[in-house]
Amino acid sequence: RPIRVLLIEDNPGDALLIRLALEQAGIRASFDVISDGDEAAAFVLGRIRSERVPDLVLLDLSLPGRSGKELLGLIREAPSLRNVPVIVLTGSESASDRLETAALGANGYMRKGGELETFMRMGAQIGELWCALLR
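Just so it is clear, the model here is predicted, and its values are computed rather than measured.

Chemist: Account for helix α3 (residues 68–77), naming residues and giving values.
Modeler: Most of α3 sits out of view: seven of its ten residues are buried. Taken as a whole, α3 has its buried residues at Gly68, Leu71, Leu72, Gly73, Leu74, Ile75 and Arg76.

Chemist: Please set out the side chain of Thr118 residue by residue, giving values where relevant.
Modeler: Here Thr118 lies in helix α5 (residues 116–134). Accessibility expressed as a relative area gives 13% for Thr118, which makes it buried. Excluding its chain neighbours within four sequence positions, the residues that come into contact with Thr118 are Arg111, Lys112 and Gly113.

Chemist: Quick one: what's the story with the pattern of salt bridges, residue by residue and with numbers?
Modeler: This model, assessed by the stated rule, comprises eight salt bridges. Taking the shortest distance from any N to any O, the salt bridge between Asp14 and Lys112 comes out at 3.2 Å. Of this pair, Asp14 sits in helix α1 (residues 12–24) while Lys112 is found in the loop between β5 (108–111) and α5, placing the two residues 98 residues apart along the sequence. Of the two residues, Asp14 and Lys112, both sit in the buried class. One salt-bridge network, held together by shared partners, links Glu9, Asp14, Asp60 and Lys112.

Chemist: Report on the sheet that holds strand β2 (residues 29–34), specifying residues and quantitative values.
Modeler: With parallel pairing, five strands are arranged side by side in an open sheet as β2-β1-β3-β4-β5. Because the sheet does not close on itself, it has two edges, and the strands there are β2 and β5. Adjacent strand axes in the sheet meet at a mean angle of 20°, parallel and antiparallel pairs treated alike. Both strand β1 (residues 3–8) and β2 contribute to a ladder of six bridges, which runs parallel. Note on β2: the bridge partner recorded for Arg4 is Ser30. Against the sheet, α1 contacts β1, β2, β3 (56–59) and β4 (86–90), and its axis sits at roughly 170° relative to β2.

Chemist: Any details on the packing of α3 against helix α4 (residues 95–104)? Residues and values, ideally.
Modeler: For the pair α3 and α4, the least separation of the axes is 9 Å and the interaxial angle reads 15°. With respect to α4, the element α3 is oriented roughly parallel. The chirality of how α3 crosses α4 is right-handed. Of the residues in α4, those touching α3 at Lys69, Leu72 and Arg76 are Asp97, Glu100, Thr101 and Leu104. When its residues are assigned to classes, the contact of α3 with α4 shows two nonpolar, one polar and four charged.

Chemist: Quick one: what's the story with the pairing of β4, residue by residue and with numbers?
Modeler: Successive side chains on a regular strand alternate, one facing one side of the sheet and the next facing the other. Among the five residues in β4, five count as buried, and that is most of the element. On β4, burial covers both faces: Val86, Val88 and Thr90 on one face and Ile87 and Leu89 on the other are all buried. Here β3 runs beside β4; their pairing, made up of three bridges, is parallel. Bridge pairing in β4 places Val57 opposite Val86. Handedness of the β-α-β unit built from β3, α3 and β4 comes out right-handed. Bridge count between β4 and β5: four bridges; the pairing is parallel. Bridge pairing in β5 places Thr90 opposite Arg111.

The rules behind the values
- Residues numbered from 1 in each chain as written.
- Predicted model: local features only at pLDDT ≥ 70, side-chain atom pairs only at ≥ 80, totals over all residues.
- Heavy atoms only, no water.
- Buried < 20%, exposed > 50% of the residue type's maximum accessible area, 1.4 Å probe, protein only.
- Helix = DSSP H or I, 4+ residues; strand = E, 2+ residues; numbered from the N terminus.
- Contact = heavy atoms within 4.5 Å.
- Salt bridge = Lys/Arg side-chain N within 4 Å of Asp/Glu carboxyl O.
- Pairing = 2+ DSSP bridges.
- Axes fitted to C-alpha atoms, helices over the stretch in contact; angles between N-to-C directions.
- Parallel < 35°, antiparallel > 145°, perpendicular 65-115°, else oblique.
- Left-handed = near helix turned anticlockwise from the far one by under 90°.
- Nonpolar A, V, L, I, M, F, W, Y, C, P; charged D, E, K, R; others polar.
- Right-handed = clockwise from strand over helix to strand, strands pointing away.

Shape descriptors only; they carry no functional weight alone.
What follows is the structure, given as structure tokens:
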């Protein structure tokens, strides 16, 4: 079956490029795309009571409403989501962001760029990381 991906990304162009990059990397996925941190929090909290938990979360840090870090904390506190892999996809080059998200339980941290080639590399890396996380 396709993997269920929860993509939390406020930039529609980036969301499209991420989806295309994963498809190009050979990852069969169904997506729930949310562009607002508060909506994502409601979605995540709703998933706790649902049987359709995502297999993978791709999370931007900079969102309207709640931040990606706050969402990562919610995900790691929820018993049904605690073990779902979360990969942070961000434009931030901050070492403190990388350290904070790792401390909050992120499984990966990738820097987004504005070029198609960067997104294609990210898709391939997510595919490799996803396989490693399943082992």
